[in-house]
Amino acid sequence: RGMKVVMADVQPDALELAAHEIQGLGAQVLARRTDVSKAADIEALAEATMQRFGAPNFLFNNAGVGGGGGLIWEAGVKDWEWVLGVNVMGVVHGMRCFTPLMLAAAARDPAWRGHIVNTASMAGLLSPPNMGVYNASKHAVVTMSETLYQDLALVTEQVHAHVLCPFFVPTGIHVSHRNRPAELIDPQARPTKSQLIAQAMSDKAVSSGKVSAAQVAQFVFDAMR
């Protein structure tokens, strides 16, 4: 589509590989290691984006982790902090830092159009058992996105908000713990029976997903068009 692409990920090797792939398709790419749970990281990403390419027409708040499974009362404080930090505050920081840039671009040019897509989950519409922390985080993304849609409608017709609620997609989210920060791991915690069951169910469900990430991405662009 001739777009310039900004890519952010907490995992440097995956980011470098993906950026190289997109550059190979002929796109200009800005890649930055980013922890979306940290406000300063997203603020720096927004600043770098503006300096390199200007305001983005498309913003995808897509980072997510799948921790916090098991009976909801058995989740530890650090489980809640990790999952809500990425899944909720990551979206908050993305909206907070990039929406004003998009609105300013729209104000300067009546023909400018922008779209913000927040990735929630089917768990943001349902409340399945053994997924309490994740469910809470994704319900939050759904309501933030619907509110963003309403709030944008009060001030512009040029920038729109969307929420994406996929079912199980084989993305590797079931092994999110590979990127869990050390300070958000409780060294004394031992997985309970319900947490072990939840992990096993997640492993099976995610890895056997019938719709690929590439297909979901195509659905998103088709819907925006």
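For the structure given in this document, a descriptive report is provided here. Remember, predicted model here, so these are calculated numbers, not experimental data.

1. Notes on the packing of helix 4 (residues 89-108) against helix 5 (residues 132-155)
Inference 1: Interhelical geometry of helix 4 versus helix 5 gives an angle of 15° and a closest axis separation of 12 Å. It follows from the interaxial angle that helix 4 and helix 5 lie roughly parallel. The handedness of the crossing between helix 4 and helix 5 is right-handed. From helix 4, Val91, Val92, Met95, Thr99 and Leu103 reach across to helix 5, where they touch Val141, Met144, Leu148, Leu152 and Val155.
Inference 2: Class assignment of the residues belonging to the contact of helix 4 with helix 5 gives a composition of 9 nonpolar, 1 polar and no charged.

2. Observations concerning the pattern of salt bridges
Inference 1: Overall, the coordinates contain 4 salt bridges when judged by the stated rule.
Inference 2: Residue Arg96 pairs with Glu43 through a salt bridge whose shortest N-O separation is 3.2 Å. Within this pair, whereas Arg96 is found in helix 4, its partner Glu43 is found in helix 2 (residues 39-52), the two being separated by 53 residues in sequence.
Inference 3: What makes Arg96 partly exposed here is its relative accessible area of 40%.
Inference 4: Residue classification places Glu43 among the partly exposed positions, given a relative accessible area of 39%.
Inference 5: Arg180 is paired through a salt bridge with Asp79; the nearest N and O atoms lie 2.9 Å apart. With Arg180 in the loop between strand 5 (159-164) and helix 6 (193-207) and Asp79 in helix 3 (residues 77-87), the pair connects residues that are 101 residues apart, well separated along the chain. Here Arg180 matches Asp79 in class, with each residue buried.

3. A few points about a nonpolar patch on the surface
Inference 1: A contiguous nonpolar surface patch, about 340 Å² in accessible area, is contributed by Leu71, Ile72 and Trp73.
Inference 2: If you trace the backbone, Ile72 turns up in the loop between strand 3 (58-61) and helix 3.
Inference 3: Classification of Ile72 by relative accessible area gives partly exposed; the value is 45%.

4. So, the sheet that holds strand 3
Whether parallel or antiparallel, the strands of a sheet pair through hydrogen bonds between backbone atoms.
Inference 1: Read across the sheet, 3 strands follow the order 3-4-5 without closing on themselves; strand pairing throughout is parallel. The sheet is open, and its two edges are formed by strand 3 and strand 5, each paired on a single side. Neighbour-to-neighbour, the strand axes of the sheet open up by a mean angle of 15°, direction not taken into account.
Inference 2: Pairing analysis gives 4 bridges linking strand 3 to strand 4 (residues 114-119), with the strands arranged parallel. The residue of strand 4 that forms the bridge with Asn61 is Asn118.
Inference 3: Taken strand by strand, helix 4 contacts strand 3, strand 4 and strand 5, and its axis lies near 175° from that of strand 3.

About the criteria used
In every chain, residue numbers begin from 1 and rise along the written sequence. pLDDT decides what is reported in this predicted model: residues at 70 or higher carry local features, side-chain atom pairs at 80 or more are listed and counted, and totals for whole chains, interfaces and linings draw on all residues regardless. Side-chain measures here rest on the full set of heavy atoms in the structure, leaving out hydrogens and waters. Orientation is described by axes fitted as lines to C-alpha atoms, over the contacting stretch for helices, and by angles from 0 to 180 degrees between their N-to-C directions. In DSSP terms, a helix is any run of H or I states spanning at least four residues, a strand is any run of E spanning at least two, and both are numbered starting from the N terminus. Any angle from 65 to 115 degrees is called roughly perpendicular, while one under 35 is roughly parallel, one over 145 is roughly antiparallel, and all others are oblique. Note on convention: the crossing is left-handed when the near helix lies turned anticlockwise from the far helix by less than a right angle, right-handed when the turn is clockwise. Whether two residues are in contact is decided by their heavy atoms: any pair within 4.5 Å suffices. Amino acids outside the nonpolar list (Ala, Val, Leu, Ile, Met, Phe, Trp, Tyr, Cys, Pro) and the charged list (Asp, Glu, Lys, Arg) are all regarded as polar, and Gly is one of them. For this analysis, a salt bridge means a side-chain nitrogen from Lys or Arg found within 4 Å of a carboxyl oxygen belonging to Asp or Glu. Relative accessibility decides the category of a residue: with a 1.4 Å probe and only protein chains considered, values under 20% of the type maximum give buried, values over 50% give exposed, and everything between is partly exposed. Patches were defined on residues exceeding 30% relative accessible area and lacking a salt bridge, with like-charge contacts within 9 Å and nonpolar side-chain contacts (Val, Leu, Ile, Met, Phe, Trp, Tyr) within 5 Å. All accessible-area figures derive from a Shrake-Rupley calculation using a 1.4 Å probe, and residue coverage is judged against the displayed protein chains alone. Two strands qualify as a pair provided DSSP detects at least 2 bridges between them.

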